[in-house]
Amino acid sequence: MTRILAVDDSTSMRQMVAFTLKAAGFDVVEAEDGRVALDLAAKEKFSLVLADVNMPNMDGITLVRNLRTMPDYKFTPLLMLTTESTPEKKMEGKSAGATGWLIKPFNPDQLITTIKRVLA
Amino acid sequence: MEIDFSRFHQTFFEESFEGLDVMESALLKLDIGNADSEIINTIFRAAHSMKGGAATFGFLDVAGFTHLLETLLDQMRSGQRAVTQHDVDLLLRSVDVVRGLLTAARDSTAADTQSVEQLRAELEQTLLSAPSDKPAAVSAAPVVAAKASNHWHIRFAPHRNLFRGGNDPLRIIRELGTLGEMQVTLDDQALPSFEVADAEDCYLAWNIELHAECSRASVLEVFAWVEDESDLTIELVQEKAAAAVVEAKPEVTKPQLAVIQGGRENAAPADAHKASSGESGSIRVGTEKIDSLINLVGELVITQAMLAQQAAALDPVLHEKLMTGLSQLDRNTRSMQEAVMSIRMLPMDFVFSRFPRLIRDLAGKLGKQARLVMVGESTELDKSVIEKIADPLNHLVRNSLDHGIEMPDVRLAAGKDSSGTITLKAAHRGGSIMIEVSDDGRGLDRAKLIAKAKERGITVSDNAPDGEIWQLIFAPGFSTAEKVTDISGRGVGMDVVKKNIQALGGQVDITSVDGRGMTIMIRLPLTLAILDGMSVSVGEEIFIVPLNAVAESLQPRAEDVKSIAGQGRVVRVRGEILPLVPLREVFHLGSGITEPQKGILVLIESEGRKVALMVDELVGQQQVVIKSLESNYRRISGISGATILGDGRVALILDVGELVRANACDQAA
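Residues numbered from 1 in each chain as written. Chains lettered and ligands numbered in written order. Predicted model: local features only at pLDDT ≥ 70, side-chain atom pairs only at ≥ 80, totals over all residues. Heavy atoms only, no water.

The name recorded for chain B in an unreviewed UniProt entry is Chemotaxis protein CheA, from Stenotrophobium rhamnosiphilum. A UniProt comment under Catalytic activity (unreviewed entry) is attached to chain B, and it reads "ATP + protein L-histidine = ADP + protein N-phospho-L-histidine." Per UniProt, chain B carries the Function (unreviewed entry) text "Involved in the transmission of sensory signals from the chemoreceptors to the flagellar motors. CheA is autophosphorylated; it can transfer its phosphate group to either CheB or CheY." (UniProt positions renumbered as here; feature names shortened; annotations may be inferred.)

Looking at an unreviewed UniProt entry, one finds chain A named Response regulator and attributed to Stenotrophobium rhamnosiphilum.

Below is the structure:
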């Protein structure tokens with residue numbers, strides 16, 4: 001089963017994302033910040049990581065930068081989940097190694113469509 | 001996909017209210033003129049999360065409003081805007097408005113639109129006064145596809161490092177195919193010989209002819225993730241062009257684009273790295289689950305006590321192993337009980353944290369200066385007690401500021417610091433918690449209180465001890481403030497405060513020094529679920545008397561007991577005459593001792609009055625798990641609850657307050 005790591009400090013957002021992805025047949029592991037996510041990613045290889053940008057302890061951009069240095073995550077899709085839609089923020093994510101981004105708010109269909117395409 | 005989002009609403013509301021608390025306390029910590037960027041970041045992050053969640057879960061008014069807050073905060077954290085008192089005040093008021101909006105959304109009630117609109121206007125006005133982005137509406141406005149059928153020529157030449165961002169050119173081309181019909185030509189001219197090619201690099205390029213009813217924006221949208229990692233040209237052509245090498249399969253339906261550009265938002269380069277919030281692993285659990293766990297542990301304690309009682313009859317030598325096991329069970333049950341009870345414990349900070357804001361706002365309104373000192377915020381107390389003590393404390397603090405602390409000029413004239421101090425203190429004392437609210441204000445005025453009492457027709461002796469006089473402020477309808485303010489109201493309340501505290505099994509004491517301030521001390525049991533009780537027997541029955549109400553117990557001499565015509569009996573205890581209340585008669589029991597000198601008198605005290613309860617025997621002292629009688633049977637006068645004893649029998653817990661009230665009214669006799 002395709003396992004996705006969902007990272008967000010907001011419990012409701014994380015639960016929503018996890019629930020939506022699970023309903024679409026994915027296996028989801030949740031993490032509440034970048035630090036926790038990085039530890040989880042070191043233990044197993046996820047097929048995709050979906051990370052919020054603004055988080056305490058370790059933000060999403062730092063997480064992506066760290067993940068890209070790991071051999072297991074060299075080509076793995078890493079998506080930023082963000083409301084920051086200005087070019088600078090997206091570029092910061094991109095230059096850290098993010099594959100792309102999803103802009104909040106999004107509905108479940110958008111989330112699933114995007115994830116399925118990326119994993120196709 | 002149909003997903004009911006309402007299942008996440010509860011969590012969203014909980015975390016949003018927490019976020020508001022975080023914002024509020026951080027705002028109060030902000031130093032005007034020298035704002036800590038970390039604190040601004042914390043506030044920003046809270047507003048930001050709230051906006052994202054609100055927009056996702058469809059609370060658009062909350063999302064719209066928090067968007068304004070976020071914009072303002074973003075200007076602050078990026079240094080475009082100085083942190084002024086005005087802005088902090090505005091943000092604090094906004095916190096209140098958002099709280100109102102969230103409450104309205106949660107309870108499906110109407111929000112106070114007037115104050116929302118007013119503050120929204122103020123925020124927008126404030127935002128105009130600094131370089132700012134347009135406050136855009138937050139909505140998932142889908143990209144509207146243009147209607148005309150266009151022919152696009154697209155050249156897509158990814159940079160060699162494309163794969164390293166996790167992107168796949170084929171995915172993008174497939175996605176493009178969903179827009180309309182297309183012909184794709186592969187350009188592999190840049191592909192080197194296999195000996196030198198790096199398998200991790202991308203050497204290919206594509207030429208695409210797309211016939212679709214879409215705008216340039218929709219086409220760009222598809223390449224949004226890779227436009228900076230590729231050379232991309234998109235041209236509108238009218239004529240049909242070159243031959244197809246790869247025929248992409250256009251999908252029948254035209255799904256909404258996956259990547260949606262939301263409302264334009266403010267950029268913020270700064271990041272929220274090292275948040276200081278003391279993150280520790282925690283999980284959110286419904287209180288009913290914890291309550292049921294506590295209940296089960298209570299049952300376990302009872303079962304354990306039953307086993308211990310049965311085992312006491314056995315020969316300890318013959319059953320040595322069983323005895324060891326039982327004593328281990330005893331220890332483990334106790335530790336488990338303690339551990340479970342501690343889950344329900346919350347730090348006093350839970351209540352105290354609201355006061356800095358309260359004092360700040362009130363002092364401003366009253367033209368007074370005051371600071372708040374909090375001691376022992378980490379002292380833990382049962383959640384249910386904490387929730388119920390919040391309102392009384394609120395009232396006491398307001399009172400201290402309104403009636404206790406003087407105006408700055410009066411204070412200076414009295415040789416005090418112009419700024420008053422209100423101290424909130426919490427500490428554990430044995431099985432109780434002591435909470436103190438003290439101020440260094442004018443203190444209570446004895447003469448004024450006595451005069452007021454007489455005016456109200458309350459009998460009070462001029463020579464009564466201070467303690468008794470101070471208690472007058474808890475009398476219903478008693479207020480000594482010259483003018484009624486909207487802060488602490490009209491004297492209603494203090495009596496309610498006392499009633500609430502007593503309902504929790506607590507006590508209130510006051511000390512006051514004229515001109516130096518007053519202190520209100522509240523003593524509360526740590527938990528409402530367990531009670532330290534004294535078990536007493538009457539005939540076959542066992543009753544539990546709450547230990548904190550027991551003053552003493554004694555066996556009276558026959559000559560100390562007197563009968564008074566029509567009023568039953570009284571007993572003299574060291575010169576004090578107390579009503580004698582045989583428990584046997586209160587509950588109409590068929591058995592039990594009738595002569596006081598053969599039984600035991602337990603002196604119980606409530607609201608400063610005492611009665612002597614007559615029982616057969618004192619059985620022992622133990623912690624009992626309180627079971628509600630009302631939820632299992634019905635309310636009985638004089639009984640506050642029940643518990644199960646070690647032998648499986650039910651024992652009733654006496655309602656001391658009620659017993660004293662019913663029997664001590666003629667105490668003067």
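**Q** Summarise the overall build of chain B; cite the residues concerned and give the values.
**A** Check the secondary structure of chain B and you find 18 helices and 23 strands. Buried positions account for 46% of the 669 residues belonging to chain B. Sequence separation of at least 24 residues holds for 72% of the intrachain contacts in chain B that already meet a minimum separation of 6. When the accessible surface of chain B is totalled, it reaches about 33400 Å², and 52% of it is carbon and sulfur. (Helix = DSSP H or I, 4+ residues; strand = E, 2+ residues; numbered from the N terminus. Buried < 20%, exposed > 50% of the residue type's maximum accessible area, 1.4 Å probe, protein only. Contact = heavy atoms within 4.5 Å. Areas by Shrake-Rupley, 256 points an atom, 1.4 Å probe, with all protein chains shown as cover.)

**Q** How would you sum up the UniProt feature "modified residue: Phosphohistidine" (unreviewed entry) in chain B? Please name residues and give values.
**A** Sequence positions flagged by UniProt for "modified residue: Phosphohistidine" (unreviewed entry) are, in local numbering, His48(B). A relative accessible area of 3% means that His48(B) is categorised as buried.

**Q** Give me the lowdown on the pattern of salt bridges, citing residues and values where you can.
**A** Opposite charge on two side chains permits pairing when their charged atoms draw close. All names here are of chain B. For the structure shown, the criterion picks out 44 salt bridges over all chains. Between Glu70 and Lys51 there is a salt bridge, with its nearest N and O atoms 2.7 Å apart. Placement of the pair is Glu70 in helix H3 (residues 60–77) and Lys51 in helix H2 (residues 37–56), with a sequence separation of 19 residues. Taking relative accessible area as the criterion, Glu70 reaches 6% and is therefore assigned buried. Ionic pairing is found between Arg160 and Asp201, a salt bridge with its closest N-O pair at 3.2 Å. With Arg160 in the loop between strand E1 (150–158) and helix H6 (169–177) and Asp201 in the loop between strand E2 (180–187) and strand E3 (205–212), this pair connects stretches of sequence that are 41 residues apart. You can call Asp201 buried: its relative accessible area is 12%. When salt bridges that share partners are traced, they join Asp21, Glu24, Asp89, Asp96, Arg99, Arg357, Arg360 and Asp361 into one network. (Salt bridge = Lys/Arg side-chain N within 4 Å of Asp/Glu carboxyl O.)

**Q** Residue-level account of the environment of Val437(B), with values.
**A** All names here are of chain B. By secondary structure assignment, the location of Val437 is in strand E10 (residues 432–439). Take Val437: its relative accessible area is 1%, and that puts it in the buried class. Separated by 73 residues in the primary sequence, Val437 and Ile510 have C-alpha atoms spaced 9.7 Å apart. With residues up to four places along the chain from it excluded, the contact list for Val437 reads Leu393, Leu396, Val397, Ser400, Thr423, Leu424, Met518, Thr519 and Ile520.

**Q** Help me get a handle on unusual backbone geometry, residues and values and all.
**A** Residues and elements named next belong to chain B. A positive phi is found at Ser108, a non-glycine position, where the angle reads about 50 degrees. On the secondary structure map, Ser108 appears in the loop between helix H4 (85–107) and helix H5 (113–128). The exposure class of Ser108 is exposed, given its relative accessible area of 66%. For His588, which is not glycine, the phi dihedral falls at a positive 50 degrees. By secondary structure assignment, the location of His588 is in the loop between helix H17 (583–586) and strand E19 (600–606). With a relative accessible area of 71%, His588 lands in the exposed category.

**Q** I'd like a rundown of the pairing of strand E23 (residues 650–654) of chain B, residues and numbers included.
**A** Residue and element names in this part refer to chain B. Where strand E14 (residues 541–546) lies against E23, 2 bridges are found, and the strand directions are parallel. From the neighbouring strand, Phe543 faces E23, where its bridge partner is Leu652. Alignment of strand E22 (residues 639–644) against E23, held across 5 bridges, turns out to be antiparallel. Of the residues in E23, the one forming a bridge with Thr643 is Ala651. If you look at the hairpin formed by E22 and E23, you'll find 5 residues sitting between the two strands, and Gly648 has a positive phi there, around 90 degrees. (Pairing = 2+ DSSP bridges.)

**Q** Could you give me a rundown of the sheet that holds strand E20 (residues 609–615) of chain B, with the residues and numbers involved?
**A** All names here are of chain B. Here 6 strands make up an open sheet; going across it, the order is E15-E19-E20-E18-E17-E16 and the pairing mixed. Taken across any chain shown, the strands that pair with only one partner, and hence form the sheet edges, are strand E15 (550–554) and strand E16 (561–564). Within the sheet, the average angular offset between the axes of one strand and its neighbour, ignoring direction, is 35 degrees. Here 7 bridges tie E19 to E20, and the two strands are oriented antiparallel to one another. Among the inter-strand pairings, Leu603 is bridged to a residue of E20, identified as Ala612. Here helix H18 (residues 656–663) sits on the sheet in contact with strand E18 (576–582), E19 and E20, set at roughly 95 degrees to E19. (Axes fitted to C-alpha atoms, helices over the stretch in contact; angles between N-to-C directions.)

**Q** Could you give an account of H6(B), naming the residues involved and the relevant values?
**A** In terms of residue burial, H6(B) counts as a mostly covered element, since 7 of its 9 residues are buried. Of the surrounding elements, those touching the buried residues of H6(B) are helix H5 (108–119) of chain A together with E1, E2, E3 and helix H7 (216–222) of chain B. For H6(B), the capping residue at the N-terminal end is Asp168(B), with a side-chain oxygen 3.0 Å from the backbone nitrogen of Leu170(B). (Polar contact = N/O pair within 3.5 Å; in protein donor to acceptor, adjacent residues only side chain to side chain.)

**Q** Go over the sheet that holds strand E2 (residues 27–31) of chain A, please, and point to the residues and values.
**A** All names here are of chain A. Taken together, 5 strands build an open sheet; the order of strands is E2-E1-E3-E4-E5 and the sheet is parallel. Taken across any chain shown, the strands that pair with only one partner, and hence form the sheet edges, are E2 and strand E5 (100–103). Between one strand axis and the next, the sheet turns by 20 degrees as a mean value, whatever way the strands run. The sheet contact formed by strand E3 (residues 48–52) and strand E4 (residues 78–82) spans 4 bridges and is parallel. The residue bridging Val49 from the neighbouring strand is Leu78, located in E4. Sitting on the sheet, H5 touches strand E1 (3–7), E3, E4 and E5, and the angle it makes with E3 is about 140 degrees.

**Q** Talk me through the packing of helix H11 (residues 355–366) of chain B against helix H12 (residues 383–404) of chain B; I want residue IDs and the actual numbers.
**A** Residue and element names in this part refer to chain B. Viewed as axis vectors pointing N to C, H11 and H12 meet at an angle of 35 degrees, and their least axial separation amounts to 10 Å. By crossing handedness, the relation of H11 to H12 is classed as right-handed. Contacts between H11 and H12 involve Phe355, Leu358, Ile359, Leu362, Ala363 and Leu366 from the first element and Leu393, Asn394, Val397, Arg398, Leu401 and Asp402 from the second. (Left-handed = near helix turned anticlockwise from the far one by under 90°.)

**Q** Can you explain the confidence of the model for chain B? Please cite residues and give values.
**A** All names here are of chain B. On average, residues of chain B score 80 in pLDDT, and 86% of them are at 70 or above. Mean pLDDT values over the elements of chain B span from 38, in strand E5 (residues 246–247), up to 92, in E14. Confidence over residues 239–279 falls short of pLDDT 50; this stretch has 105 contacts with residues more than four positions distant or in other chains. Prediction confidence for the complex, expressed as pTM and ipTM, is 0.49 and 0.82 respectively. (pLDDT = per-residue confidence, 0-100.)

**Q** Please give an account of the UniProt feature "modified residue: 4-aspartylphosphate" (unreviewed entry) in chain A that cites residues and values.
**A** Residues and elements named next belong to chain A. Those places that UniProt annotates as "modified residue: 4-aspartylphosphate" (unreviewed entry) correspond, in this numbering, to Asp52. Examined against the element boundaries, Asp52 turns out to sit in strand E3. When its relative accessible area of 2% is taken as the criterion, Asp52 is described as buried. Apart from the residues lying within four places of it in its own chain, the contact partners of Asp52 are Val7, Asp8, Asp9, Gly60, Met80, Leu81 and Lys104.

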